[in-house]
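# Coordinate analysis (summary)
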Amino acid sequence: MRPFIFDSAATPREAVETAQAWNAGTNGAAHFLAGGTTLIDLMKLDVMRPERLIDINALESSDFGRIVFGEGGLWMGALVRMADAAEHPQIIREFPAIAQSLQLAASQQIRNMATLGGNVLQRTRCPYFRDVSYRECNKRDPGSGCAALDGFSRSHAVLGTSDQCIASYPGDLAQALIALDATVDLASPSGLRRMPFAELHRRPQSRPDMETVLQPGELIVSFFVPAAPWARRSVFLKVRDRVSYEFALASAAVGLDLSDRVVREARIALGGVATVPWRAAEAEALLRGTALDEAAQDAAAEAAFSGAQAREHNGFKIELGKRTLKRALAQAAVMEI
Ligand SMILES: Cc1cc2nc3c(=O)[nH]c(=O)nc-3n(C[C@H](O)[C@H](O)[C@H](O)COP(=O)(O)OP(=O)(O)OC[C@H]3O[C@@H](n4cnc5c(N)ncnc54)[C@H](O)[C@@H]3O)c2cc1C
Ligand code: SF4
């Protein structure tokens with residue numbers, strides 16, 4: 001057990017300022033504590049070693065803990081529990097991909113505790129990252145190498161990889177947020193800022209340890225999902241080794257705006273197969289203006305995986321990912337809205 005300082009913040013400003021002041025002096029070792037279902041796990045494994053934990057759960061009684069419909073869409077605070085959003089009747093009806101991505105994630109007990117902000121920032125499940133007896137892991141220890149490149153790569157990514165890291169992004173909600181064009185509000189030391197959610201995560205490139213564009217001390221406040229025409233006709237489909245309590249081997253979040261069977265707009269994000277929540281922009285462009293028949297679905301799936309690169313054990317994800325996307329498109333097309 002490593003010693004750490006534990007305190008709790010009563011306001012967002014206090015949280016941000018405490019983290020910023022600490023990180024400025026100590027190289028970024030203060031972390032916010034939400035549900036703790038990822039952070040505490042990784043502390044027990046000695047993978048994450050925060051020097052200071054700032055509990056933000058007291059903010060739950062403010063906008064951080066609220067689900068609000070209005071101003072053209074859905075606001076979800078960063079401290080909303082996964083279960084509360086997954087089971088919310090209006091989210092299930094109007095933003096089905098959001099609800100489904102959460103219903104299919106983790107277990108009921110974890111969903112009761114875990115928050116939306118913590119969910120999108122969870123770390124990879126790469127076994128070499130989570131086991132400190134493996135010395136080589138550029139994400140845990142920059143410059144140390146990558147044990148997965150020549151190791152067992154079945155769960156690893158085929159899209160967005162680099163020669164420094166091939167770890168797959170593990171979460172589910174992020175794909176639904178990207179497919180539905182969500183934005184994220186951040187409380188920064190310099191004030192509030194908003195950005196497209198799709199810009200939050202960074203591909204590994206030469207710095208796999210830098211997973212997001214968050215500045216030290218920045219706090220996720222909320223997510224906004226616009227009530228776009230494709231939000232109601234949206235689906236999240238997840239394929240995994242067992243039906244519950246398991247991370248995705250492949251997933252697809254799809255939103256469609258159809259006129260008869262012709263696609264006015266398509267939104268597609270892929271999970272389980274990429275190093276970051278992956279927007280399949282080429283597939284979206286290809287579908288726009290076409291009749292959504294089997295040939296169009298095939299073409300979209302081929303486009304989505306055209307840049308895929310497999311290692312020794314994860315080649316199956318390319319075919320699995322294509323099939324998952326095609327099934328999601330087919331399901332979305334016949335939804336009654
Ligand atoms: C056995 C198991 C199975 C799982 N299966 C799935 C699955 O199938 N799909 C899936 O999506 N997830 C799955 N998970 C992951 C789970 O959903 C996450 O652990 C959870 O969502 C994290 O939320 P939390 O509130 O507990 O985050 P915490 O553990 O409290 O925090 C996680 C990280 O986010 C940071 N953080 C938290 N909130 C904020 C904020 N507002 N602003 C800035 N930083 C913040 C923390 O500092 C920390 O670094 C699984 C977890 C377990 C243990
Ligand atoms: S794939 Fe990434 S997380 Fe896994 S061992 Fe390599 S560098 Fe570490």
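This section reports on the structure supplied with the text.

Reading guide: rules and limits
- Residues numbered from 1 in each chain as written.
- Chains lettered and ligands numbered in written order.
- Predicted model: local features only at pLDDT ≥ 70, side-chain atom pairs only at ≥ 80, totals over all residues.
- Heavy atoms only, no water.
- Near = heavy atom within 4 Å.
- Nonpolar A, V, L, I, M, F, W, Y, C, P; charged D, E, K, R; others polar.
- Pairing = 2+ DSSP bridges.
- Helix = DSSP H or I, 4+ residues; strand = E, 2+ residues; numbered from the N terminus.
- Axes fitted to C-alpha atoms, helices over the stretch in contact; angles between N-to-C directions.
- Buried < 20%, exposed > 50% of the residue type's maximum accessible area, 1.4 Å probe, protein only.
- Contact = heavy atoms within 4.5 Å.
- Polar contact = N/O pair within 3.5 Å; in protein donor to acceptor, adjacent residues only side chain to side chain.
- Areas by Shrake-Rupley, 256 points an atom, 1.4 Å probe, with all protein chains shown as cover.

### A few points about the site of ligand 2
Taken together, 15 residues are adjacent to ligand 2, and Cys 126, Cys 137, Asn 138, Cys 146 and Cys 165 come closest. The class makeup of the residues in the shell around ligand 2 is 10 nonpolar, 3 polar and 2 charged.

### Here's the deal with the sheet that holds strand 5 (residues 73-77)
Read across the sheet, 5 strands follow the order 4-5-8-6-7 without closing on themselves; strand pairing throughout is antiparallel. What marks the edges here is a single partner per strand, and that holds for strand 4 (67-70) and strand 7 (191-196). With direction set aside, neighbouring strand axes in the sheet form an average angle of 20 degrees.

### Overview of the environment of Gln 309
Looking at the element boundaries, Gln 309 is found in the loop between helix 12 (294-304) and helix 13 (316-333). Residue classification places Gln 309 among the exposed residues on the basis of a relative accessible area of 54%. Each C-alpha atom, one on Gln 309 and one on Ser 162, is 9.9 Å from the other, the two residues being 147 residues apart in sequence. Dropping the residues within four chain positions of it, Gln 309 is found in contact with Ala 157, Val 158 and Thr 161.

### Things to note about the site of ligand 1
As a structural note, the neighbourhood of ligand 1 is formed by 31 residues, with Phe 32, Gly 36, Thr 37, Thr 38 and Thr 115 the closest of them. A distance of 2.8 Å separates an oxygen atom of ligand 1 from a polar atom in the backbone of Gly 35. Interatomic distance of 2.8 Å between a side-chain N/O atom of Lys 238 and an oxygen atom of ligand 1. About the coverage of ligand 1: the protein hides 94% of its 980 Å² of free accessible area. Contributions of two or more residues to the shell around ligand 1 are made by strand 2 (30-33), helix 2 (39-44), helix 7 (116-120) and strand 8 (219-226).

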